[in-house]
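Single-letter residue listing:
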2 protein chains.
Amino acid sequence: MTSQTELQPAPERLQVTTLQPQSRATLADVGRLAGVSSKTVSRVVLDSGNVSKDTRDKVLAAARSLRFRPNHLARNLRHGSVTNTVAFIIGDLTNPFYFLVAAGIERELARHGLMMILAATDDDPASEERVVQNLLDQRVRALLMVPIAADQGYLEGERQLGTPVVCIDRPARNLIADSVVLGSFEATAEAVRGLIRAGHRRIAFVCSPAALYTHQERLRGYRQALREAGVLDSSPWERLENPGGPTAEESVRDLLAMSEPPTAIIAGNNHASLGVVRALGNHFDRLAFIGFDDFELADALGISVIAYDPAELGRRAAQLVIARLNDLIGPPQQIEIATHLIHRGSGELLVPRDQ
Amino acid sequence: MTSQTELQPAPERLQVTTLQPQSRATLADVGRLAGVSSKTVSRVVLDSGNVSKDTRDKVLAAARSLRFRPNHLARNLRHGSVTNTVAFIIGDLTNPFYFLVAAGIERELARHGLMMILAATDDDPASEERVVQNLLDQRVRALLMVPIAADQGYLEGERQLGTPVVCIDRPARNLIADSVVLGSFEATAEAVRGLIRAGHRRIAFVCSPAALYTHQERLRGYRQALREAGVLDSSPWERLENPGGPTAEESVRDLLAMSEPPTAIIAGNNHASLGVVRALGNHFDRLAFIGFDDFELADALGISVIAYDPAELGRRAAQLVIARLNDLIGPPQQIEIATHLIHRGSGELLVPRDQ
DNA sequence: CTGTTAGCGCATTCAA
DNA sequence: TTGAATGCGCTAACAG
């Protein structure tokens with residue numbers, strides 16, 4: 001990649017042929033109509049005092065008749081060129097989980113007069129830096145991101161310029177940044193311990209993609225609980241698939257066909273849970289089942305899950321951004337969102353009699 | 001509301017105390033270092049020719065060493081003050097349907113160097129205008145919206161200024177604007193006709209909220225098909241609830257408890273479908289069931305649905321925006337997205353023998 | 001091939 | 001209480 005390419009801004013494929021049949025009124029236009037200077041209009045619009053009631057009324061009348069609207073761009077250019085927007089960068093826009101996170105972010109940002117730009121990397125680690133750079137060129141005020149690239153070190157310069165970066169769901173690598181994550185390790189370990197207390201020993205773990213931080217954490221928790229119970233080798237029941245490999249559904253069918261099939265199963269994320277449901281069909285009593293992430297209809301189907309509020313993830317992350325924007329000082333924070341096990345039946349099944 | 005309030009921009013609660021420890025390099029900075037004028041740097045950055053290879057290399061080296069990044073804000077201020085952002089305004093951010101639409105929009109916009117700002121009105125018609133005005137003050141380039149207010153006439157002035165407005169899922173009122181909608185009427189009528197051919201006559205329709213354009217269209221289609229079959233009064237089986245009223249699940253339970261219960265049911269949207277599933281429990285063979293909107297696990301549960309691609313809705317809407325941005329001429333368009341009935345079993349149940 | 005001038009819309013500094 | 005000058009970062013239009 002040449003530095004030329006580095007410098008290229010977002011491809012400006014749209015010509016600015018917006019030949020506006022009419023143009024927007026400016027402070028000067030309003031001032032002309034009201035017979036005052038643009039600065040006086042500015043004072044009225046900003047309500048920054050020192051304007052006589054008389055002038056004020058004249059200006060407001062003129063502003064209304066011209067349909068004047070302040071130009072935030074120009075306003076912000078004046079003080080250091082920032083917008084009122086914060087970016088949220090996700091890998092896969094179609095995952096309902098991130099949508100709920102985005103909803104939490106949007107709500108919190110809106111409370112503080114900030115808007116959310118949603119951007120996607122299409123789960124392509126290589127595109128993360130490009131997307132981020134593009135957003136920074138648009139002068140977003142802060143970055144919220146679910147890191148996907150192996151390394152976020154490229155953001156170090158930006159951080160020094162004062163742009164807050166908050167990572168969601170996974171911590172950043174090679175970058176000092178705040179993050180908001182789940183207690184995946186402990187939550188999974190605790191769920192598995194429950195299964196063990198119910199008598200299970202052959203407990204499977206299904207999840208994909210294997211490489212994700214969260215999935216690795218959950219795998220660690222799963223192994224930890226099994227180790228505590230004396231099960232030292234769980235590898236026969238671990239199915240962490242990679243993109244292109246078998247689906248969760250296929251993995252479960254495969255597990256069920258074993259000569260010594262598992263008596264319980266943990267799904268590492270919502271996607272894997274759906275695979276389990278599909279594989280089990282109507283035979284939910286065939287084995288105990290706990291999924292990580294709540295999902296639509298899990299209640300109706302009686303499926304126990306490790307749940308938490310995705311919107312809370314977003315809300316907390318947005319709060320961190322706002323705190324940083326108001327005061328850059330302070331060490332990076334790592335916030336952990338609480339999870340809790342919802343008992344709906346599937347996770348409470350005991351080991352079948354004949355085992 | 002005083003005009004003062006009208007003029008107030010988004011509450012600027014954040015102080016710009018971003019005391020940047022270091023500041024961003026500008027064209028002039030790069031020029032100084034490279035020993036050329038800022039205009040020459042601009043030419044290099046824009047790759048607009050007329051720069052000797054020698055100068056070019058010097059400039060690129062300087063730009064890189066200063067970590068120069070072009071300021072799109074200033075650039076755009078120069079040509080009429082617009083950003084590279086397009087707003088998508090939704091009522092309820094947590095509805096997975098709109099999320100998929102948003103994904104389609106984001107993808108299409110990104111292909112053209114535009115970014116998507118996602119904004120929510122929290123299903124409050126009164127907040128629509130405020131949210132829109134705020135976005136316009138930030139100079140978004142176009143508006144994509146799921147209209148919720150009773151009237152979009154307040155956008156007329158903006159339209160004349162050349163800002164494209166594209167409505168999604170429902171047409172605008174009192175405003176000339178493009179729209180992308182579903183063929184709700186015909187799709188529902190056709191689904192009901194199928195049930196009638198299978199012998200059904202007592203067919204219920206469950207949906208909420210009642211007031212929505214799409215839901216009214218679907219109701220019309222439902223009634224039309226019944227009328228064709230000689231069922232002139234379907235009111236006993238129509239359950240269009242309003243916010244605060246019974247849930248879809250409750251409506252279905254109520255229907256099932258009738259002395260002459262329906263033998264088939266149409267759910268007017270994905271939310272109503274979930275209610276039906278919950279109410280039916282495991283007794284999916286109790287009546288025929290077709291839902292409008294596909295939903296997660298509908299395949300696993302064997303539920304027939306009227307399906308379409310939500311991302312396609314977004315994609316087409318974004319394409320309209322881009323077309324308008326490039327050429328404002330042409331009459332408003334109304335695009336209809338195709339729907340198709342997916343047969344999964346639940347919609348193919350015949351009328352029970354004893355009826 | 002390169003530089004100068006000017007101005008986008010606004011708000012800060014300083015004067016009146 | 002009001003206004004004039006200035007500059008934010010960038011790029012058209014016009015020199016040279």
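Just so you know, these numbers come straight off a predicted model, no measurement behind them.

**Some words on the protein's contact with DNA strand D**
Part 1: As a matter of local geometry, DNA strand D sits amid 23 residues, with A:Thr40, A:Thr55, A:Arg78, B:Leu27 and B:Arg75 nearest to it.
Part 2: In the interface set of DNA strand D, defined as its atoms within 4 Å of the protein, sugar plus phosphate atoms amount to 64%.
Part 3: In the environment of DNA strand D, a phosphate oxygen lies 3.1 Å from a nitrogen or oxygen atom belonging to the backbone of B:Asn71.
Part 4: Separating a base nitrogen of DNA strand D from a backbone N or O atom of B:Ala74 is a distance of 3.4 Å.
Part 5: Sorting the residues of the surface near DNA strand D by element identifies α3 (38-46) and α5 (72-78) of chain A together with α3 (38-46) and α5 (72-78) of chain B as the ones contributing at least two each.
Part 6: In terms of residue class, the surface near DNA strand D is made up of eight nonpolar, nine polar and six charged.

**Concerning the pairing of strand β1 (residues 85-90) of chain B**
All names here are of chain B.
Part 1: Within β1, six of the six residues are buried, leaving the element largely enclosed by the surrounding structure.
Part 2: Both β1 and strand β2 (residues 115-120) contribute to a ladder of six bridges, which runs parallel. In the sheet register, Ile90 faces β2, and the bridge partner there is Ala120.
Part 3: Regarding topology, helix α6 (residues 96-111) serves as the crossover connection from β1 to the parallel β2, and that connection is right-handed.
Part 4: Two strands pair when backbone bridges link them, and β1 and strand β3 (residues 142-145) are joined in this way by four bridges, in the parallel orientation. Across the sheet, residue Phe88 finds its bridge partner in β3, namely Leu144.

**What about the UniProt feature "domain: HTH lacI-type" (unreviewed entry) in chain A?**
Part 1: UniProt's entry tags residues 25-79 of chain A with the feature "domain: HTH lacI-type" (unreviewed entry), counted in the numbering of this structure.
Part 2: Helix makes up 67% of residues 25-79 of chain A and strand 0%, whereas the separation of the span's terminal C-alpha atoms amounts to 22 Å.

**Here we look at the nonpolar core**
Part 1: In terms of nonpolar packing, the biggest core is built from 160 residues, with A:Phe88 and B:Phe88 touching the most fellow members.
Part 2: Ignoring sequence-local partners within four residues, the contact set of B:Phe88 consists of B:Tyr98, B:Val101, B:Ala102, B:Ile105, B:Met116, B:Ile117, B:Leu118, B:Ala119, B:Leu144, B:Met145, B:Val146 and B:Ile168.
Part 3: Counting residues in each nonpolar core, the second largest holds 36 residues, with A:Leu155, B:Ala87, B:Ala119 and B:Val140 among its members.

**Description of the sheet that holds strand β12 (residues 340-342) of chain A**
Residues and elements named next belong to chain A.
Part 1: In spatial order, the strands read β7-β6-β8-β9-β10-β12; together these six strands make up an open sheet with mixed pairing. Each end of this open sheet is capped by a strand with a single partner; those strands are β7 (238-240) and β12. Shown here is a sheet whose adjacent strand axes are inclined to one another by a mean of 15°, direction ignored.
Part 2: Summarising the sheet, strand β6 (residues 203-207) and β7 pair through three bridges and their orientation is parallel. Each residue of the ladder has a partner; that of Val206, found in β7, is Arg239.
Part 3: Helix α11 (residues 248-256) contacts β6, β7 and β8 (264-267) of the sheet and is inclined by roughly 160° relative to β6.
Part 4: Packing of helix α12 (residues 270-280) onto the sheet brings it into contact with β6, β8 and β9 (288-292), and relative to β9 it is tilted by some 150°.

**Some points on the domain arrangement of chain A**
All names here are of chain A.
Part 1: Looking at chain A, the domain boundaries give domain 1 (80-182 + 310-337) and domain 2 (184-307 + 340-348).
Part 2: When each unit is reduced to the centre of its C-alpha atoms, the spacing between domain 1 and domain 2 is 30 Å.
Part 3: Contact with domain 1, which involves six residues of that partner, is made by seven residues of domain 2.
Part 4: Contact between domain 1 and domain 2 buries roughly 600 Å² in total, counting both sides, with carbon and sulfur atoms accounting for 54%.
Part 5: Contact with domain 2 buries surface across domain 1, with Asp169, Arg170 and Leu182 losing the most and accounting together for 63% of the total.

**Some words on the packing of helix α2 (residues 27-34) of chain A against helix α4 (residues 53-65) of chain A**
All names here are of chain A.
Part 1: Closest axis-to-axis distance for the α2/α4 pair is 9 Å, and the angle between their directions is 120°. Relative to α4, the element α2 is oriented oblique. Relative to α4, the crossing made by α2 is right-handed. Of the residues in α4, those in contact with Val30, Leu33 and Ala34 of α2 are Lys58, Val59, Ala62, Ala63 and Ser65.
Part 2: In the contact of α2 with α4, the residues fall into six nonpolar, one polar and one charged.

**Quick notes on the protein's contact with DNA strand C**
Part 1: If you check the shell around DNA strand C, you find 23 residues, and the closest are A:Lys39, A:Arg75, B:Thr40, B:Thr55 and B:Arg78.
Part 2: For DNA strand C, the backbone makes up 63% of the atoms found within 4 Å of the protein, where backbone means sugar plus phosphate.
Part 3: The contact in question runs from a phosphate oxygen of DNA strand C to an N or O atom on the side chain of B:Thr40, over 2.5 Å.
Part 4: In the environment of DNA strand C, a phosphate oxygen lies 2.3 Å from a nitrogen or oxygen atom belonging to the side chain of B:Thr55.
Part 5: Every element with two or more residues in the surface near DNA strand C is listed here: α3 and α5 of chain A together with α3 and α5 of chain B.
Part 6: Residue classes in the surface near DNA strand C are distributed as eight nonpolar, nine polar and six charged.

**Side note on the pairing of strand β4 (residues 165-168) of chain A**
Residue and element names in this part refer to chain A.
Part 1: Along β4, one buried face is formed by Val165 and Cys167 and the opposite face, lined by Val166 and Ile168, is buried too.
Part 2: Sheet topology places strand β3 (residues 142-145) next to β4; three bridges connect them, and they run parallel. Along β4, the bridge assignment pairs Met145 with Cys167.
Part 3: As paired strands, β4 and strand β5 (residues 178-182) are joined by three bridges and run parallel to one another. The partner of Cys167 across the bridge, within β5, is Ser179.

**Structural notes on helix α6 (residues 96-111) of chain A**
Residues and elements named next belong to chain A.
Part 1: Relative to the 22 Å expected for 16 residues at 1.5 Å per residue, α6 spans 23 Å between its end C-alpha atoms, a close match to the ideal helical length.
Part 2: Buried residues of α6: Phe97, Tyr98, Phe99, Val101, Ala102, Ala103, Gly104, Ile105, Glu106, Glu108 and Leu109, and no others.
Part 3: Between a side-chain oxygen at the N-terminus of α6 and the backbone nitrogen of Phe97 the separation is 2.8 Å; the capping residue is Asn95.
Part 4: Where α6 ends, the next residue or the one after it, Gly113, has phi of about 75°, a positive value.

The rules behind these values
Residue numbers here run from 1 along each chain, matching the order of that chain's written sequence. Lettering for chains starts from A, numbering for ligands starts from 1, and both go in the order in which the items are written. Only residues with pLDDT of at least 70 get local features here, since the model is predicted, and only at 80 or more are side-chain atom pairs given and counted; chain-wide, interface and lining totals rely on the full set of residues. Processing note: side-chain calculations cover all non-hydrogen atoms of the structure and skip hydrogens and water entirely. Summary of the distance rule: residues count as near a molecule or strand when at least one heavy atom falls within 4 Å of that molecule or strand. Here a polar contact is recorded for every N or O atom pair within 3.5 Å, except that within protein the pair must consist of a potential hydrogen donor and a potential acceptor, and residues adjacent in sequence are included only if both atoms are side-chain atoms. Under the scheme used here, helices are H or I runs from DSSP no shorter than 4 residues and strands are E runs no shorter than 2 residues, and both carry numbers assigned from the N terminus. For this scheme, ten residues count as nonpolar: Ala, Val, Leu, Ile, Met, Phe, Trp, Tyr, Cys and Pro. Four count as charged, namely Asp, Glu, Lys and Arg, and the remainder, Gly too, count as polar. Each residue is placed in one exposure class: buried if its accessible area under a 1.4 Å probe, protein chains only, is under 20% of its type's maximum, exposed if it is over 50%, and partly exposed if it falls in between. Here, strands pair whenever DSSP counts at least two bridges between them. Throughout, right-handed denotes a crossover for which the path from the first strand over the helix to the second runs clockwise when the strands point away from the viewer. UniProt positions are given in the numbering used here, feature names are shortened, and annotations may be inferred rather than shown by experiment. Nonpolar cores are built from buried Ala, Val, Leu, Ile, Met, Phe, Trp, Tyr and Cys residues. Side-chain atoms within 4.5 Å join them into one set. Any two residues whose heavy atoms approach within 4.5 Å are treated as being in contact. Axes here mean lines fitted to C-alpha atoms, for a helix over just the part in contact, with angles spanning 0 to 180 degrees between N-to-C directions. The split into domains, and so the bounds of each, comes from an automatic or database assignment of domains. A 1.4 Å probe defines the accessible area here, and the buried area is the portion of it lost by two parts on being joined, summed over both. In this scheme, roughly parallel covers angles under 35 degrees and roughly antiparallel covers those over 145, while 65 to 115 is roughly perpendicular and the rest are oblique. Should the near helix be turned anticlockwise from the far one by less than a right angle, the crossing is left-handed, and should it be turned clockwise, the crossing is right-handed. To estimate how far a helix should reach, multiply one less than its number of residues by 1.5 Å.

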